[in-house]
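The chain contents come next:
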Amino acid sequence: MDEISTELDSLNTEVIGQLNNWVDMIGGGDIGRWIGALVVLIVFFILKRVLAAAILGGMRRLAHQNKQSTVANVLDAFALPLQALVMIVGIYFAIELLDLSLKIETVLFDATSLAAGFSVFWAMFRAVEPLGLSFNRLIGRFGAGLGDDLRQFFIRGIKTLIAVIGIVILLEGWGIDVSAFLGGLGLAGMAVALAAKDSVANVFGGLTIFADNLYKRGDWVETPHFEGTIEVVGLRATKVRTFAKALVTMPNAQIVDSPVINWSRMTHRRIKMSIGLEYRTTAKQMEAIVDQLRDFLKNDEDVAQTAVAQMVHLSDFGASSINIDLYYFTTTTDWVTWREIRNRHIIAFKRIVEDAGAGFAFPSQSLYVETMPENPSSSSDDQRETRKIG
């Protein structure tokens with residue numbers, strides 16, 4: 001590191017010496033030095049444009065040709081900071097040419113040093129976003145939605161870290177001692193952490209969601225607190241759009257401590273229903289209906305045939321019907337498609353029962369009366385008739 005610093009100092013001295021010789025050749029003096037400084041600024045301005053258009057532009061085109069989009073995006077991010085850094089170098093050499101007082105030179109050199117450091121951290125800050133796109137392959141196992149949320153979380157964290165480090169280094173460069181300030185921040189941070197333990201718990205809950213891949217954006221989930229579609233997976237809270245179209249914001253700590261059902265990760269979707277036959281249905285008709293129902297499900301492309309149960313059985317004698325229990329799964333997990341399949345199956349089941357000559361039972365009650373009371377109206381008529389005769 002010392003050797004590099006020595007070489008840079010030697011190169012700086014040599015360049016400044018050549019510039020001074022050039023200024024002496026054009027007459028020297030204050031006017032000559034101001035003209036030389038202006039020429040240096042113009043040269044570096046042209047150099048900045050050449051760097052942006054020729055060098056960086058050529059490297060971007062080469063990266064695109066080699067399908068290195070990440071490299072091309074990083075070069076785009078570096079363009080403005082590098083141009084600013086070139087102009088800062090030009091301003092530095094222009095100041096060296098001018099015969100200014102030591103106090104003014106010190107202030108200007110400190111300002112250019114600060115600007116140069118800012119340009120470096122600015123370039124790093126801008127490069128974080130395109131570099132974050134290269135995380136796709138690394139965090140692809142978390143899924144598209146959750147991977148995007150995780151990438152955004154890391155991008156924000158790295159940007160914050162770069163900004164903090166940059167501010168500390170720049171302040172140290174100006175001679176400001178920030179160690180005491182950072183120590184005070186550490187003590188204050190402990191107090192804040194104790195006071196905001198719930199927020200810290202939510203942050204760790206968010207990290208648990210990312211690590212365990214509980215859900216991602218767009219998933220349909222159900223917890224004791226809510227049921228709906230995930231819209232945002234944040235570090236502190238998760239935002240869910242319920243089926244009533246209301247937006248629910250739930251702290252991550254509460255979600256992690258609760259059972260979470262992720263319906264979007266179903267391998268198949270279940271259909272469970274019961275068919276009630278009339279009691280007058282014969283045993284032969286029931287056997288035929290059960291066999292036809294099984295054949296129908298076995299030959300339906302929308303019904304899963306392997307890895308899941310498929311059951312059609314007479315289940316019990318109900319209060320007003322003999323019940324057939326159907327339990328099977330569809331190959332699709334899409335809710336709308338599942339409803340269409342269920343609709344089609346109900347019509348098909350109705351047709352099977354009707355073709356067998358049977359019918360669906362409906363709730364009913366039978367009342368049996370052992371004896372009937374005598375008809376009072378008939379006895380009164382007989383009495384009236386007797387009185388008439390007498």
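Our subject is the structure listed above.
Quick look at the structure, then.

So, how was this worked out
Residues numbered from 1 in each chain as written. Predicted model: local features only at pLDDT ≥ 70, side-chain atom pairs only at ≥ 80, totals over all residues. Heavy atoms only, no water. Helix = DSSP H or I, 4+ residues; strand = E, 2+ residues; numbered from the N terminus. Expected span 1.5 Å × (residues − 1). Buried < 20%, exposed > 50% of the residue type's maximum accessible area, 1.4 Å probe, protein only. Pairing = 2+ DSSP bridges. Phe/Tyr/Trp six-rings, centres within 6.5 Å; stacked < 30°, edge-to-face > 60°.

Things to note about helix H10 (residues 335-355)
At step 1: Its 21 residues place the ends of H10 30 Å apart at the C-alpha level, agreeing with the 30 Å of an ideal helix rising 1.5 Å per residue.
At step 2: The first or second residue beyond H10 is Gly 357, which carries a positive phi of 80 degrees.

Points about unusual backbone geometry
At step 1: Positive phi is not limited to glycine here, since Lys 245 has a value of about 70 degrees.
At step 2: Here Lys 245 is to be found in the loop between strand S3 (237-242) and strand S4 (247-251).
At step 3: Overall, the relative accessible area of 64% leaves Lys 245 in the exposed class.

Some details on the sheet that holds S4
At step 1: In spatial order, the strands read S4-S3-S2-S1-S5; together these five strands make up an open sheet with antiparallel pairing. Two strands close off the open sheet at either side, each with one partner strand: S4 and strand S5 (261-262).
At step 2: Strand direction decides the pairing type here: strand S2 (residues 227-233) and S3, joined by five bridges, are antiparallel. Bridge assignment links Val 232 to a residue of S3, and that residue is Lys 239.

Details of the packing of aromatic side chains
At step 1: Under the definition given, this model contains six aromatic pairs.
At step 2: Judged by centre distance (5.8 Å) and plane angle (75 degrees), the ring pair of Trp 220 and Phe 243 falls under edge-to-face. Taken together, the residues Trp 220 in strand S1 (residues 220-222) and Phe 243 in the loop between S3 and S4 connect sequence positions 23 residues apart.
At step 3: Classification of Phe 243 by relative accessible area gives exposed; the value is 52%.
At step 4: Relative to Phe 329, the ring of Tyr 327 has its centre 5.6 Å away and its plane inclined at 85 degrees; by these criteria the two rings are edge-to-face.
At step 5: With a relative accessible area of 19%, Tyr 327 lands in the buried category.

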